[in-house]
Every structure is written in C-alpha cells, then in structure tokens.
Amino acid sequence: MRNRLATQPLFELSKPGRRGTQLPPCDVPQRDVAELLPTEAQAAALPPLPEIAEPEVIRHFTNLSTLNMSVDTHFYPLGSCTMKYNPKRNERLASLPGIVDLHPYQPESTLQGMLRLLCELQEILAEISGLPAVSLQPAAGAHGELTALMVAGAHFRELGESRTKVLAPDSAHGTNPASARMAGFDSVMVKSSESGLVDIGDLRSKLDEQAAVFMITNPNTLGLFDQQVNEIADLVHQVGGLIYLDGANMNAIMGITRPGDFGADMMHFNPHKTFSGPHGGGGPGAGPICVRDALGAYLPTPVVERDGNQFRLADNRPRSIGRVRSFFGNVGVLVRAYCYILSHGSDGLRRVSENAVLNANYLLSRVRHILPVPHGHRCMHEFVATADDLKKRTGVTAMDLGKRLLDYGFHAPTVYFPLTVPECLMIEPTETESKETLDAFAEALFRITEETPELLHETPHSTFTSRPDEVAAARKPRLKWSRPDTEEKPKH
Amino acid sequence: MNPEELLYCETHEWVSISDQGPDKIATVGISQFAVDQLTDLVFMELPEPGAEISAGDEFGEVESVKAVSSLYSPVSGKIVEVNRDLPDNLDTLSEDPYGAGWIIRLLVSDDSSLGPLLDFQAYQKQCAEEG
C-alpha cells in the first residue's frame with residue numbers, strides 16, 4: 001500500500017525540535033553568533049528548514065522515488081525523446097575515482113587522461129557526423145543549436161554579410177525557432193508537404209540572400225528520412241546559406257549515413273538520446289556540436305588539442321565566439337557517451353540504429369491495425385499514429401489513450417507533437433526493447449481502444465495522482481509553497 | 001455577429017467591416033474552428049491601442065494547453081480598441097468567438113489593404129480540408 005503520509009511535503013511533516021541525529025555536548029567554548037558576525041551579516045530569523053527524523057526523510061524520498069515511471073521500471077516509448085535503456089556499466093565507469101575526483105583547476109599535466117578521453121570523443125563524434133571540427137562545451141542539445149547559430153553568425157559577419165533569417169520546417173522541434181530568435185535571427189517556418197517531408201516549393205520561395213541557416217531534423221519528427229536532403233542542401237548552399245542538422249534523431253542513422261555526407265554544415269548530438277547520457281530531470285546535459293572545417297575557427301574555446309602524446313586546452317583562437325559554458329561543459333555526461341561508444345564499437349553503433357529502426361517498424365506494423373499511421377507503412381526509429389478518427393467517432397482523445405496506458409504499466413508515447421498531425425501519438429520503442437515488450441504494448445493499446453469513452457476520460461486510475469487540471473495550473477499557477485496556516489490566495 | 005457574413009484569413013482570424021461616418025472600422029476575432037482546434041485556452045497577449053499594423057502582421061498571441069498560436073491582422077490600419085477583459089476571461093473567447101470574444105478593432109487605413117480574405121463558404125472548405 002502507498003504511504004501517503006510519508007510523501008507529504010517535508011515542510012508539512014516538520015515538528016519543532018525533531019532531529020535526525022543527537023550530537024554529544026560541544027567540548028569547545030560556545031560563542032554567540034552575534035559576537036562573531038557583524039550585524040549586517042546576520043539574518044533576522046533562522047531559515048524555516050524542516051525538522052524531521054531520519055526514518056521520515058528516508059521514507060519520504062524512497063516512497064517518492066517509486067511514484068514515477070522511468071526507463072529502469074517501465075517501457076517508455078516517448079517519441080522524439082529516445083528513452084532508451086542506459087547500460088549501468090557506463091554509470092560505474094563514470095563514477096571511478098580517477099574521473100569524479102578530478103578538479104578542473106588541476107594543472108593540465110595531471111589531467112592528461114581526461115583530456116585524452118575528451119580529445120578522442122571529439123575525434124569519434126567527427127567521424128560519426130562527417131563534420132571534422134567539434135566543440136564539447138554546450139550543456140544541452142538546444143544550447144548546441146544556439147552555439148552553432150552563433151558560429152554561423154560569426155561566419156557571416158566575417159564575410160561582411162548581415163543575414164537575418166533562420167528557416168525550419170513546421171514539424172521541427174520547438175527549440176529550433178527558439179534558438180534562432182535567441183541567436184538574433186528571425187525564425188521562418190517552412191511548410192511540410194502532404195507526405196510529411198519538406199515542401200521544396202515553399203522552401204524555394206523563402207530562400208534568398210537573407211537566409212542564413214536552414215535547420216533540418218533528419219530523420220524528421222514523423223520518423224521519416226527526408227531523401228530530398230541533398231537537393232535541399234544544394235538549394236540552401238546556392239544562396240550562400242548553411243545547413244544545420246538537429247541531431248535529435250541520430251539514433252536512427254549512426255554508422256549508416258553521416259550528416260556531413262548529406263549536406264549538413266553543422267549539427268549537434270544529444271548524448272542523452274544517443275549515447276546513454278542521463279535522461280531528463282533538468283540536467284546536467286551535454287550537446288556537443290560538429291561543424292565543417294571552414295567553421296571550426298569560430299567554435300567556442302577552449303578546445304582539446306592533441307600534440308603528439310600530450311593533450312592541452314587550447315584557447316588561442318582569435319575568431320572564436322568565446323566560451324559558452326563554465327570549465328569544459330558537463331564532462332560527466334561526456335564520459336558516459338565515450339564509454340557507450342567504445343563499448344559498442346563502430347559495428348555495434350550501426351546495429352543500435354538498425355535495431356532501433358527494426359523495432360519501430362515492427363511496432364508500426366502492429367499499431368497501424370489499431371490507429372491510423374498517416375505517413376506510410378515504413379518508418380525510421382519512430383512513427384506517428386493519430387487518434388483523430390477515434391476522437392471524431394467516440395470523443396476519446398490521444399491524451400485519454402496516453403493516460404490509460406499508465407494504468408496498463410506503460411509510459412505514454414509523446415502526444416500532440418509534432419503539431420502537423422492532429423491528435424497524434426508519437427511512438428519510439430528504441431533498440432533495447434524485446435519483441436515481447438512491443439507485443440504487450442500493442443496489445444494494451446488495442447484493448448484500450450475497445451474501452452468506453454467514459455472510463456477513458458477519467459484515467460489514469462492506478463497512479464498516485466490522476467489527471468492534474470492543466471488549464472487551472474496554467475491559468476492560475478501556484479509557484480511557491482507557503483505554510484498551510486499562512487496560505488495566501490493564489491494571485492492571477 | 002453572424003459568422004456567415006464575415007470574412008476570414010487562412011490563419012483563422014475573422015473580420016467584420018462597418019462604416020462609421022467616413023471611417024471604416026474593422027472588428028477582428030478568431031473563428032469557432034480556431035477555438036475548437038486550440039482547445040482549453042490558458043493565456044493571451046494583446047497589443048496596445050494606437051499601434052499601426054499591416055495586413056498579415058502579428059498583433060498578439062493566444063496560448064492553449066496544446067500550443068501557442070500567433071494572431072495575424074486581416075487588414076491594415078491603426079488599432080483603436082482592444083478587448084482588454086479577454087485575457088482574464090478566456091472562457092468568453094471559447095464560448096462566444098464571434099460576439100463578446102472579439103479581440104481588436106482597427107481604423108482601416110485603405111480598402112486595398114483588405115488582401116486575399118476568404119468568404120464563409122471558402123473558409124468552411126479550408127477548415128474541412130484541415131480538420
């Protein structure tokens with residue numbers, strides 16, 4: 001049974017004077033804080049920290065940790081997010097004392113092992129991407145996008161050009177237009193064709209000498225590889241623009257094709273999607289970027305350079321856009337990526353992508369008999385089904401299906417993204433799932449579509465909380481905890 | 001307003017133009033179809049009166065639990081009135097998009113700025129294709 005007492009907020013469990021430890025009396029003379037600190041350094045009152053005994057703290061966090069779904073507990077087909085299983089070996093290796101006990105202020109001569117690891121990771125990512133110049137600094141995929149667009153901006157400034165537009169298809173991740181605006185460009189949306197690929201006519205009409213970068217996700221968010229990508233790259237290059245590849249979907253093409261070979265000039269990797277970095281939770285993350293040689297001079301400094309058997313952090317790069325992250329980015333995530341890549345090897349990485357695509361196609365072949373999959377009977381690593389007909393017929397929405405899956409012990413797929421497909425469910429099984437798991441998921445989805453709308457509208461029934469009121473949460477958010485006895489009415 | 005007598009943008013705004021003396025005043029809102037597609041609204045950002053905008057310019061945005069959508073002006077002109085109560089009463093927009101849920105009024109700058117608007121039937125056809 002659930003212990004609902006233990007999972008109340010710690011502040012509400014607090015009782016004055018309760019402690020987790022009892023310390024022996026202090027054996028040195030005590031002095032009053034007021035004697036030791038000047039008045040301006042003293043707070044008016046002690047901070048209201050919760051006062052709780054150890055078992056309550058342990059029960060609080062242990063119970064909370066069981067309320068969530070995770071890749072370690074459930075199948076998690078969250079399309080676009082590539083929630084694949086992270087092998088525990090990488091966690092163990094990344095926790096070795098020789099790695100976690102390093103300090104970035106140590107002399108370089110004592111950091112040679114880490115610098116070698118990072119340098120080799122740069123070389124490996126260059127090989128996988130087909131783009132030779134690498135920066136490991138960005139702290140997330142979207143940060144990589146921003147960094148690369150700043151690199152593009154520096155490139156055009158040096159050419160004496162003031163290009164204003166960054167284009168992206170309407171199926172793009174929301175980070176693409178956001179990064180464009182943050183980097184100082186106008187964001188221009190390019191339509192998708194009926195088949196879900198870039199509408200070449202619309203792209204042509206929006207390409208001119210103001211076009212700086214076209215951002216493309218390939219395979220795209222519908223799980224389709226856009227085979228027009230060479231033609232797209234030619235069109236963009238003809239007007240002097242650059243191609244940015246959003247590497248969110250690299251899990252589908254590793255070792256099979258390389259962005260640098262199909263026309264991309266810049267890209268990022270998402271190690272948490274592709275190379276077993278920790279998934280989500282707000283970080284830490286990493287978003288290494290790879291660019292063509294001609295753009296390498298603008299990459300953030302420092303970069304790791306190899307000089308024979310010696311490695312150093314080089315910042316003698318006058319054309320660099322400068323540093324984008326403190327120290328050297330989130331090295332712990334990069335270490336996991338390095339371990340993942342080396343333990344698979346080049347053949348293994350290719351098999352990862354082949355199995356990710358195979359699993360997605362197998363699941364697609366089952367799901368399409370349950371819900372329409374509008375963009376064909378083949379996909380890359382993920383596919384998009386729609387509950388639009390179901391909603392029109394019965395009122396059951398994609399959200400209802402997603403919520404009900406939780407009751408069946410599966411995490412929901414991504415819903416309502418991409419925006420180009422109504423009532424969509426974006427399903428990405430990843431390479432680490434067995435046929436039995438995929439069959440069980442398809443079976444559960446089928447059974448759910450046979451259930452009554454009344455039941456489905458009120459799901460989930462088995463989770464700690466059922467449906468949050470998303471509308472009230474967005475309209476009248478309560479962003480701050482306050483003591484129940486002094487509770488203020490939420491402001492809106 | 002009677003939706004059958006309004007003109008529409010492809011981007012789902014409606015406009016009604018009335019003569020007030022020598023001036024033409026355009027009232028602008030969003031269609032029932034747009035409201036249905038957006039689902040539950042949570043936030044709305046509106047412009048200040050006095051701004052000059054051209055047909056096709058973004059004049060505000062509306063956010064639902066699903067997405068943020070820009071609002072585009074069907075006509076060119078000066079914004080003379082804004083339905084300021086709307087952001088705090090989003091249900092009004094959901095329940096009465098052609099009446100109390102109007103969004104802005106503009107003093108139309110010239111007739112030629114009306115641009116390629118759709119009549120009710122053409123707009124219905126577009127919605128049927130999209131929906």
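1. Thoughts on the confidence of the model for chain B
On average, residues of chain B score 91 in pLDDT, and 95% of them reach the 70 mark or higher. Scoring of the predicted complex yields 0.86 for pTM and 0.70 for ipTM.

2. A look at the domain arrangement of chain A
Partitioning chain A into structural domains gives domain 1 (10–65), domain 2 (89–344) and domain 3 (347–474). For domain 1 of chain A and domain 3 of chain A, the distance between their C-alpha centres works out to 47 Å.

3. Some points on helix H3 (residues 54–65) of chain A
Relative to the 16 Å expected for 12 residues at 1.5 Å per residue, H3 of chain A spans 17 Å between its end C-alpha atoms, a close match to the ideal helical length. For H3 of chain A, the tally of buried residues reaches only 1 of 12 residues, placing the bulk of the element at the surface.

4. Looking at the nonpolar core
In summary, soluble globular proteins display a tendency toward joint burial of nonpolar side chains. Judged by nonpolar contacts, the single largest core of 119 residues is most densely connected at Leu149, Val151, Met266, Val291 and Leu334 of chain A. The element that contributes the greatest number of residues to this core is helix H12 (residues 331–367) of chain A, accounting for 17 residues. There are two domains that each give this core at least three residues, and those are domain 2 (89–344) and domain 3 (347–474) of chain A. One finds Val15, Val42, Leu71 and Val75 of chain B within the second-largest nonpolar core, a separate group that totals 31 residues.

5. A few points about the packing of helix H7 (residues 141–158) of chain A against helix H8 (residues 175–182) of chain A
Residues and elements named next belong to chain A. Packing of H7 against H8 brings their axes to within 9 Å, and their N-to-C directions diverge by 45°. By the criterion of interaxial angle, the relationship of H7 to H8 is oblique. Seen from above, H7 lies across H8 with right-handed handedness. Contacts between H7 and H8 pair Gly141, Ala142, Glu145, Leu146 and Leu149 from the former with Thr175, Asn176, Ser179, Ala180 and Met182 from the latter. Here the contact of H7 with H8 is composed, by residue class, of 5 nonpolar, 4 polar and 1 charged.

Rules used throughout
- Residues numbered from 1 in each chain as written.
- Chains lettered and ligands numbered in written order.
- Predicted model: local features only at pLDDT ≥ 70, side-chain atom pairs only at ≥ 80, totals over all residues.
- pLDDT = per-residue confidence, 0-100.
- Domains from an automatic or database assignment.
- Helix = DSSP H or I, 4+ residues; strand = E, 2+ residues; numbered from the N terminus.
- Expected span 1.5 Å × (residues − 1).
- Buried ≥ 20, exposed ≤ 12 C-beta atoms within 10 Å, placed from the backbone.
- Core = buried A, V, L, I, M, F, W, Y, C linked by C-beta atoms within 7 Å.
- Axes fitted to C-alpha atoms, helices over the stretch in contact; angles between N-to-C directions.
- Parallel < 35°, antiparallel > 145°, perpendicular 65-115°, else oblique.
- Left-handed = near helix turned anticlockwise from the far one by under 90°.
- Contact = placed C-beta atoms within 7 Å.
- Nonpolar A, V, L, I, M, F, W, Y, C, P; charged D, E, K, R; others polar.

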